[in-house]
Amino acid sequence: MGRDVGRRRGTALPTTPRDVVRLGALVSVERMTDEAQQAATEAAQAVVDQVSSYQYSAEESTIAQQLDEGLAKAKVSLDDEERTRILAEIDGLKDEQSSAPQVRSATPVE
């Protein structure tokens, strides 16, 4: 039982300064990744808002082209499912009663 005191859910807790530094670096990288993803999502939302405002009555291919160009300029990407959903919702704006679709997730382009 004495051996398990330093363990939690099967993972050893940091016990040396080196382990603490590694854990700190991991937390820092995760935080940076979260911040980068949040920034990417916000940038993608700005693109979606702009395309929704100006292109909602355009042909589907024009909407897709404008969305892709805007995302490329913002250096962010949407996964295929998110892109398809966004395009369908923008196309659905033709009634002029709806608001711009909300981006759920985007990633920075490297």
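These remarks concern the structure in this document. What you see is a predicted model, and the numbers here were worked out from it, not measured in a lab.

**Overview of the overall build of the protein**
For step 1, the next point in the chain: Scanning the protein from terminus to terminus reveals three helices and four strands.
For step 2, the next point in the chain: Of the regular secondary structure in the protein, the N- to C-terminal order runs β-β-α-α-β-α-β.
For step 3, the next point in the chain: When each of the 110 residues of the protein is scored for burial, the buried share is 25%.
For step 4, the next point in the chain: Partitioning the contacts of the protein with sequence separation of at least 6, the portion at a separation of at least 24 is 58%.
For step 5, the next point in the chain: Counting only carbon and sulfur atoms, one obtains 49% of the accessible surface of the protein, whose full area is about 8,200 Å².

**Remarks on the pattern of salt bridges**
For step 1, the next point in the chain: Per the stated rule, a full pass over the model turns up three salt bridges.
For step 2, the next point in the chain: We note a salt bridge from aspartate 68 to arginine 83, for which the minimum N-O separation is 2.9 Å. Of this pair, aspartate 68 sits in helix 2 (residues 60-74) while arginine 83 is found in helix 3 (residues 80-91), placing the two residues 15 residues apart along the sequence.
For step 3, the next point in the chain: In this structure, the salt-bridge partner of glutamate 89 is arginine 85, at a minimum N-O distance of 2.8 Å.

**A look at the packing of helix 2 against helix 3**
For step 1, the next point in the chain: Packing of helix 2 against helix 3 leaves a shortest axis separation of 10 Å and a crossing angle of 130 degrees. With respect to each other, helix 2 and helix 3 are oriented oblique. Remark: the crossing between helix 2 and helix 3 carries right-handed chirality. Note on element contacts: helix 3 touches helix 2 through Arg83, Ile86, Leu87, Ile90 and Asp91, opposite Glu60, Ile63, Ala64, Leu67 and Asp68.
For step 2, the next point in the chain: Grouping the constituent residues of the contact of helix 2 with helix 3 by class yields six nonpolar, no polar and four charged.

What counts and how
- Residues numbered from 1 in each chain as written.
- Predicted model: local features only at pLDDT ≥ 70, side-chain atom pairs only at ≥ 80, totals over all residues.
- Heavy atoms only, no water.
- Helix = DSSP H or I, 4+ residues; strand = E, 2+ residues; numbered from the N terminus.
- Buried < 20%, exposed > 50% of the residue type's maximum accessible area, 1.4 Å probe, protein only.
- Contact = heavy atoms within 4.5 Å.
- Areas by Shrake-Rupley, 256 points an atom, 1.4 Å probe, with all protein chains shown as cover.
- Salt bridge = Lys/Arg side-chain N within 4 Å of Asp/Glu carboxyl O.
- Axes fitted to C-alpha atoms, helices over the stretch in contact; angles between N-to-C directions.
- Parallel < 35°, antiparallel > 145°, perpendicular 65-115°, else oblique.
- Left-handed = near helix turned anticlockwise from the far one by under 90°.
- Nonpolar A, V, L, I, M, F, W, Y, C, P; charged D, E, K, R; others polar.

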